[in-house]
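One-letter residues, chain by chain:
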Amino acid sequence: MKVKDNDWIDLFNLLYVSPDDKYLTEDKGILTCIKYAKMDKYLAEKMPVAKKLT
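Parameters at a glance
Residues numbered from 1 in each chain as written. Predicted model: local features only at pLDDT ≥ 70, side-chain atom pairs only at ≥ 80, totals over all residues. Heavy atoms only, no water. Helix = DSSP H or I, 4+ residues; strand = E, 2+ residues; numbered from the N terminus. Buried < 20%, exposed > 50% of the residue type's maximum accessible area, 1.4 Å probe, protein only. Areas by Shrake-Rupley, 256 points an atom, 1.4 Å probe, with all protein chains shown as cover. Lys, Arg positive; Asp, Glu negative; His and termini not counted. Charge placed at Lys NZ, Arg CZ, Asp CG, Glu CD. Core = buried A, V, L, I, M, F, W, Y, C linked by side-chain atoms within 4.5 Å. Contact = heavy atoms within 4.5 Å. Arc of directions from axis to C-beta. Polar contact = N/O pair within 3.5 Å; in protein donor to acceptor, adjacent residues only side chain to side chain.

A. Structural view of the overall build of the protein. A tally of helices and strands in the protein yields 2 helices and 0 strands. Sorting the 54 residues of the protein into buried and exposed places 20% on the buried side. With the model as given, the accessible surface of the protein reaches about 5100 Å², and the carbon-plus-sulfur share is 58%. Taken as two groups, the 10 positive and 9 negative side-chain charges of the protein have centres that lie 7 Å from each other.

As C-alpha cells, then:
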C-alpha cells in the first residue's frame, strides 16, 4: 500500500486517540493499517445516516 499525503493526517490523528476515545474513518487503506497495527479497538462504528428533513 502506498501512503498518500492525506493518509499521514489520519495516522497523526491517531496519536491523540486515548483508550476512552474512538476514531472514525471510512478510508479502507487507513482501516487496514489500523487493523494491522492491532489498534482496531480505537475504531468507532459507522455513524448512522441522518434522516432527511422534510
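B. Region of the structure containing the nonpolar core. Formed by Leu 14, Val 17, Tyr 23, Ile 30, Ile 34, Tyr 42 and Leu 43, the largest nonpolar core amounts to 7 residues. Setting aside chain neighbours within four positions, we find Leu 43 in contact with Lys 22, Tyr 23, Leu 31, Ile 34 and Lys 35.

C. Helix α2 (residues 28-36), seen in detail. Every buried residue of α2 is listed here: Gly 29, Ile 30 and Ile 34. All buried residues of α2 fall inside an arc of 135° around its axis, so they share one side. Along α2, the residues that are exposed and aim more than 90 degrees away from the buried face are Lys 28 and Tyr 36. Taken together, the buried residues of α2 touch α1 (5-13). The N-cap residue of α2 is Asp 27: its side-chain oxygen and the backbone nitrogen of Gly 29 are 2.9 Å apart. Phi turns positive one or two residues past the end of α2, at Lys 38, with a value near 60°.

D. Looking closely at the side chain of Thr 25. Looking at the element boundaries, Thr 25 is found in the loop between α1 and α2. Here the side chain of Thr 25 touches Asp 27 through a polar contact of 3.2 Å, landing on its backbone nitrogen. Apart from residues no more than four positions distant in its own chain, Thr 25 is found in contact with Asp 10, Ile 30, Leu 31 and Ile 34.

E. Main features of the environment of Lys 22. Residue position: Lys 22 is located in the loop between α1 and α2. When residues no more than four places from it in sequence are discounted, the contact partners of Lys 22 are Lys 41, Tyr 42, Leu 43 and Ala 44. Here Lys 41 takes part through its backbone oxygen, which lies 2.6 Å from a polar atom of the side chain of Lys 22.

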